[in-house]
Amino acid sequence: MLLFAAILAALTSVSLPWLAGRGLLLAMTALYAASLLAVLIALLPMGRMALPALALRGAGWKPVVLGSLGTVALSVAVSEIGPELEGMKQIAELVRTPEAVVASVLVLGGLAPLAEELAFRGLLYGWIEGRWGVRPAFTVSAIAFAAAHFDPTFAYMVAVLPLALLFSWLRWRTNSLLPSLVAHIVNNTFAVLSAAWLGS
């Protein structure tokens, strides 16, 4: 975990000056790519043990499908009862053209869930579980995921927390990263396409 944090901090500090003024989507791409690269580098010493350490193993189709449907239902419910979120406004700004929609789906619907799931429900969850057990791994990984979506009003963090708890539950229930990864991809892709549809 410490190696991952150090590598991510180094990659981010190097890329931030170059990214200044180049657009939100490019900055997000660089951040998620740096996170993914940091996970891969941090796990290189583990060799073949890296995959099971990240819970990269198969899972039945039911938790994958039901987890994805539950995630969309929860996301819709949170968006209906909660305030308008700044994060959704930013996505709506990004998806003004068909080309931007495709790029946003690739980055926010593909790269972001992969990087976040490997970092939070793969690396962090597994590291905590191996030292202090399932409950701390479940709780800390969910809270850390929500905290990573910080905004000045805390509204986005609060809105993300139910999804974070669901993703952690899927990880715990199946002992696999696959259901939460697929659910995360479905959720983010749904959010991007919804923003594009509502903005058109």
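Source: prediction; values computed, not measured.

1. Thoughts on the overall build of the protein chain
Then, in step 1: Along the protein chain, the regular secondary structure elements total nine helices and zero strands.
Then, in step 2: Reading the secondary structure of the protein chain in the N-to-C direction produces α-α-α-α-α-α-α-α-α.
Then, in step 3: By its C-alpha atoms, the protein chain is 45 × 40 × 30 Å across when sized along the principal axes.
Then, in step 4: In the protein chain, which comprises 200 residues, the share counted as buried stands at 40%.
Then, in step 5: Sequence separation of 24 or more characterises 75% of the internal contacts of the protein chain that already satisfy a separation of 6 or more.
Then, in step 6: Carbon and sulfur atoms make up 73% of the accessible area of the protein chain, which totals about 10900 Å².
Then, in step 7: Once the 11 positive and 9 negative side-chain charges of the protein chain are each reduced to a mean point, those two points are 15 Å apart.

2. A short note on helix α4 (residues 61-81)
Then, in step 1: The end-to-end C-alpha distance of α4, which contains 21 residues, comes to 30 Å, matching closely the 30 Å that a straight helix rising 1.5 Å per residue would cover.
Then, in step 2: Taken together, the buried positions of α4 are Val-64, Gly-67, Ser-68, Thr-71, Ser-75 and Val-78. Seen along its axis, α4 keeps its buried residues to an arc of 105°; they face one direction. Opposite its buried face, α4 presents the exposed residues Trp-61, Leu-66, Leu-69, Glu-80 and Ile-81, each directed more than 90 degrees away.

3. Points about the layout of surface pockets
Then, in step 1: Its volume calculated, the second largest pocket comes out at about 160 Å³.
Then, in step 2: If you go around the second largest pocket, the residues you meet are Met-1, Leu-3, Phe-4, Ala-42, Leu-43, Met-46, Ala-53, Leu-123, Gly-126 and Trp-127.
Then, in step 3: At three residues, helix α6 (residues 98-132) tops the list of elements feeding residues into the lining of the second largest pocket.
Then, in step 4: In terms of residue class, the lining of the second largest pocket is built from nine nonpolar, one polar and no charged.

4. Some details on the side chain of Ser-35
Then, in step 1: Inspection of the secondary structure assignment puts Ser-35 in helix α2 (residues 24-43).
Then, in step 2: You can call Ser-35 buried: its relative accessible area is 10%.
Then, in step 3: Look past the residues within four positions of Ser-35 in its chain and what remains in contact with it is Phe-4, Leu-8, Ala-115 and Ala-119.

5. Let's talk about the environment of Pro-162
Then, in step 1: As for its position among the elements, Pro-162 is in helix α8 (residues 155-174).
Then, in step 2: Residue classification places Pro-162 among the partly exposed residues on the basis of a relative accessible area of 28%.
Then, in step 3: Once the C-alpha coordinates of Pro-162 and Ser-75 are considered, the two residues, 87 residues apart in sequence, prove to be 8.6 Å apart.
Then, in step 4: Apart from the residues within four sequence positions on either side, Pro-162 is in contact with Leu-74 and Val-78.

6. Looking at the pattern of salt bridges
Then, in step 1: Counted according to the given criterion, the structure contains one salt bridge.
Then, in step 2: The partner of Arg-121 in a salt bridge is Glu-117, and the shortest N-O contact between them spans 2.7 Å. Within this pair, Arg-121 and its partner Glu-117 are both found in helix α6, separated by four residues, close to a single helical turn. Each member of the pair, Arg-121 as well as Glu-117, is classed as buried.

7. As for the nonpolar core
Then, in step 1: One finds Phe-4, Tyr-32, Val-39, Val-95 and Leu-108 to be the most contacted residues of the largest nonpolar core, which totals 42 residues.
Then, in step 2: For this core, the elements supplying multiple residues, two or more each, are α1 (2-19), α2, α5 (86-94), α6, α7 (134-147), α8 and α9 (178-199).
Then, in step 3: Broken down by element, this core gets its largest block of residues, 13 residues, from α6.
Then, in step 4: Sequence-distant contacts of Leu-108, defined by excluding residues within four places in its chain, comprise Met-28, Tyr-32, Ile-91, Leu-94, Pro-113, Asn-188 and Val-192.

Rules used throughout
Residues numbered from 1 in each chain as written. Predicted model: local features only at pLDDT ≥ 70, side-chain atom pairs only at ≥ 80, totals over all residues. Heavy atoms only, no water. Helix = DSSP H or I, 4+ residues; strand = E, 2+ residues; numbered from the N terminus. Buried < 20%, exposed > 50% of the residue type's maximum accessible area, 1.4 Å probe, protein only. Contact = heavy atoms within 4.5 Å. Areas by Shrake-Rupley, 256 points an atom, 1.4 Å probe, with all protein chains shown as cover. Lys, Arg positive; Asp, Glu negative; His and termini not counted. Charge placed at Lys NZ, Arg CZ, Asp CG, Glu CD. Expected span 1.5 Å × (residues − 1). Arc of directions from axis to C-beta. 1 Å grid on protein atoms, 1.4 Å probe; cavity = no way out; pocket = protein on both sides within 12 Å on 5 of 7 lines; lining within 4 Å. Points joined across faces, edges and corners; volume = space filled by probe spheres on them. Nonpolar A, V, L, I, M, F, W, Y, C, P; charged D, E, K, R; others polar. Salt bridge = Lys/Arg side-chain N within 4 Å of Asp/Glu carboxyl O. Core = buried A, V, L, I, M, F, W, Y, C linked by side-chain atoms within 4.5 Å.

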